[in-house]
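# Coordinates in review
Residues per chain, in single letters:
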Amino acid sequence: MATHEKRYVIIGNGVAGTTAAETLRKNDPNCSIHLLTNERYPLYNRVSLPRFLQGVLAEQKVMIRDFAWHEQRNIQLITEVLVAGVNTEERVVSTEDGREFPYDALLIASGGWANPLTAPGARDTKHIYNFVTLDDTKTIIERMLESRTALAYGGSFIAYELCDGFAMRKLDTTWLMRGPYWLRNSLDTDGGEVVDNIAKKFGVEVIHGDEIDSVVPSNGVPSYVKTKKGREIQADMIGVGLGITLNTQILEGSPIEVNGGVVVNEYLETNVPGVYAAGDVANFYDSTIKRHHTMGTWDNAKAHGQVAAVNMAGGKQAYVDVPTYTSPLFDVNIAVVGSAESNNPEMETIALREPGDKGNENYRRLFFQENKLVGVLMIGSPKGRKKLIEIVKSQQPFATTAEREALLTLK
């Protein structure tokens, strides 16, 4: 008796979902692959969006795949579709326009939605932006070209990327954040100061420990914001980086376990056989720090997509990786390796701040768990980064203070 071709459905066409589709096709020329996305584009490089925002990169350079690439590989890319639900008993994904996609194996790579600004006055005011998608970026650029003042709100990567874009476009820019410094779950006071000094060099006014109390519009667009501490900040436009809400509501009513993301084992499989998760939405087991967590980086998502695809097709490959992330931070670079979360009570940290070039400073913070290096955060010079990545991978112990401190100056 002939068996039918394997049917794969992938929710989300970011780098996790598209990499999985590509890997599945390479390993099985006869399977069917449906790749569903709420966006209107094939895969584009989210890491390149900040440079597109700044005007230093053209839109076509942001695109990674086109529709023809999917057609050539017989990957059915379904754009501008919203998933309504997943029926794991019948193994069917249903969409809000009434279509059904049966599967033998399913990958949830649905990412998340940016959290909106909910302060009074924000809801009915135009020109308040999140910055996650290509369409977000295009809309923000349009407004930047007709604005003079801008406010970046939040202590996240997204907020600084908005701030950087505003400043590069020569807008009068204010950066407002609730915490004591940027990236407060990874940096310390010194690291926060280094970032503030870089931003101030570009004319940005940096305000900590305050938050938007209300948006005061004029003719439906922002005029200024009032803060909880009584400040009034002029802004023709507001960029918001207040984190994301993971897109797990599509799984409501299903038995798939959701707890701070879609919970998966070391093979990226959920508690329901044949259902996998990858990328931002996956609460995955990290063998380096021996616990589950989520991670919103490009490298991590791409590696997830490859491993998930192998296992969807019947393989048994565990996810073991040291994700890295680099990003331009105004005129320097920031690099994150592994797990760099100082709010984890099991972590111990040490840091070094020293003069760098162009009037900036270099900053390095190392994260240890059970005497092993598990995370690195570097601002400025990248010297030593590759060696530190190898040390994280090797999991060699550093029991003494002197051994650890030597890593701070590794070149």
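The paragraphs below set out a description of the structure included in this document. (Residues numbered from 1 in each chain as written. Predicted model: local features only at pLDDT ≥ 70, side-chain atom pairs only at ≥ 80, totals over all residues. Heavy atoms only, no water.)

Turning to the overall build of the chain, a few remarks are in order. Secondary structure assignment for the chain yields 10 helices and 26 strands. For the chain, the spread of C-alpha atoms along the principal axes amounts to about 70 × 60 × 35 Å. Taken across its 411 residues, the chain has 53% of its residues classed as buried. When contacts within the chain are restricted to residue pairs at least 6 apart in sequence, those whose partners lie at least 24 apart make up 61%. Element-wise, carbon and sulfur atoms account for 46% of the exposed surface of the chain, whose accessible area totals about 18,400 Å². (Helix = DSSP H or I, 4+ residues; strand = E, 2+ residues; numbered from the N terminus. Buried < 20%, exposed > 50% of the residue type's maximum accessible area, 1.4 Å probe, protein only. Contact = heavy atoms within 4.5 Å. Areas by Shrake-Rupley, 256 points an atom, 1.4 Å probe, with all protein chains shown as cover.)

On to the nonpolar core. The biggest cluster of nonpolar side chains holds 52 residues, and the ones touching the most others in it are V93, L106, L107 and I108. For L106, the contacting residues outside a window of four places in its chain are V9, I11, V86, V93, G274, V275, Y276 and M312. Among the nonpolar cores identified, the runner-up in size contains 49 residues, and Y41, I140, F330 and I334 belong to it. (Core = buried A, V, L, I, M, F, W, Y, C linked by side-chain atoms within 4.5 Å.)

Moving on, we get to the side chain of D236. Topologically, D236 is positioned in the loop between β15 (232–234) and β16 (237–240). R148 provides the closest opposite charge to the buried, unpaired D236, separated from it by 4.6 Å. One polar contact links the side chain of D236 to the main-chain amide nitrogen of R148, over a distance of 2.7 Å. Among all residues touching D236, those that are not within four sequence positions of it are H127, R143, S147, R148, T149 and P222. (Lys, Arg positive; Asp, Glu negative; His and termini not counted. Salt bridge = Lys/Arg side-chain N within 4 Å of Asp/Glu carboxyl O. Polar contact = N/O pair within 3.5 Å; in protein donor to acceptor, adjacent residues only side chain to side chain.)

Glancing now at the environment of E232. Checked against the element boundaries, E232 lands in strand β15. You can call E232 exposed: its relative accessible area is 51%. With residues up to four places along the chain from it excluded, the contact list for E232 reads Y224, V225 and K226.

Okay, helix α9 (residues 385–394) next. Where α9 is concerned, the buried positions are L388, I389, I391 and V392. The buried residues of α9 occupy an angular sector of 160° when the element is viewed end-on, so they sit on one face. Positioned one or two residues after α9, Q395 has a phi angle of 55°, which is positive. (Arc of directions from axis to C-beta.)

Time to look at the pattern of salt bridges. Taken as a whole, this structure holds 16 salt bridges when the rule is applied. R46 is the salt-bridge partner of E39, the closest N and O atoms lying 2.9 Å from each other. E193 is the partner of R353 in a salt bridge, and the nearest nitrogen-oxygen pair spans 2.9 Å. Here R353, found in strand β24 (residues 348–355), pairs with E193, found in helix α7 (residues 189–201); they are 160 residues apart in sequence, far enough to count as distant. Since its relative accessible area comes to 25%, R353 is described here as partly exposed. Look at the salt bridges and you will find they share partners, linking D190, E193, R353 and E361 into a network.

Time to look at the side chain of H127. Looking at where H127 falls in the secondary structure, it is placed in the loop between β8 (112–114) and β9 (128–130). A distance of 2.7 Å separates the side chain of H127 from the side chain of Y129, its partner in a polar contact. Beyond its immediate stretch of four places on either side in the chain, H127 contacts R143, E146, V221, P222, D236, M237 and I238.

Spatially, the three strands line up as an open sheet ordered β13-β14-β15, and their pairing is antiparallel. With partners counted over all chains shown, the strands left at the sheet margins are β13 (212–218) and β15, one partner each. Mean inter-strand twist for the sheet, computed between neighbouring axes without regard to direction, equals 25°. (Pairing = 2+ DSSP bridges. Axes fitted to C-alpha atoms, helices over the stretch in contact; angles between N-to-C directions.)

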